[in-house]
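Summary of the model geometry
Each chain, letter by letter, is given below.
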Amino acid sequence: MSSSKDFAKGPVALLPDIADIEALINAQHHDPFSVLGPHADGQGGQIIRTFLPLALSVMVLARDTGQALGPLSSTEVPGFFVGQFDQPQAYSLR
């Protein structure tokens, strides 16, 4: 997994724009999965974003094996987590 602390690294920014974040927080986003979930990072990997308002941390697990792939980083927005992974794969969150 790449470092999630550099939120503007690579061709795709890890964080969406502020209007998208505010719409998600207010449950008014017209297409939340255009922002949340897995997205190609433009370098052969994937960015994973989730909004879990009550979570203190989030771990990404391989869906088929349950193996920990790495944590998502918390952001300045409480409950909004993001991470960049070198290879796309099916996952679940814990």
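Please refer to the structure higher up on the page.
Everything quoted here is computed from the prediction, not taken from an experiment. (Residues numbered from 1 in each chain as written. Predicted model: local features only at pLDDT ≥ 70, side-chain atom pairs only at ≥ 80, totals over all residues. Heavy atoms only, no water.)

Taken in spatial order, the 6 strands make up an open sheet running β1-β2-β5-β4-β3-β6, and their pairing is antiparallel. At either end of the open sheet lies a strand with only one pairing partner, and these are β1 (37-40) and β6 (91-93). Here the average twist between neighbouring strands, direction ignored, is 30°. Two strands pair when backbone bridges link them, and strand β2 (residues 46-51) and strand β5 (residues 80-85) are joined in this way by 6 bridges, in the antiparallel orientation. Across the sheet, the residue bridging to T50 is F81, located in β5. (Pairing = 2+ DSSP bridges. Helix = DSSP H or I, 4+ residues; strand = E, 2+ residues; numbered from the N terminus. Axes fitted to C-alpha atoms, helices over the stretch in contact; angles between N-to-C directions.)

This paragraph deals with helix α1 (residues 18-25). For α1, the complete set of buried residues consists of I21, A23 and L24. Each buried residue of α1 lies within a common arc of 165° when the element is viewed along its axis, so the set occupies one face. Among the structural elements, β2 and β5 are those in contact with the buried residues of α1. Residue D17 occupies the N-cap position of α1, its side-chain oxygen lying 3.1 Å from the main-chain nitrogen of A19. A27, located one to two residues past α1, shows a positive phi value of around 55°. (Buried < 20%, exposed > 50% of the residue type's maximum accessible area, 1.4 Å probe, protein only. Arc of directions from axis to C-beta. Contact = heavy atoms within 4.5 Å. Polar contact = N/O pair within 3.5 Å; in protein donor to acceptor, adjacent residues only side chain to side chain.)

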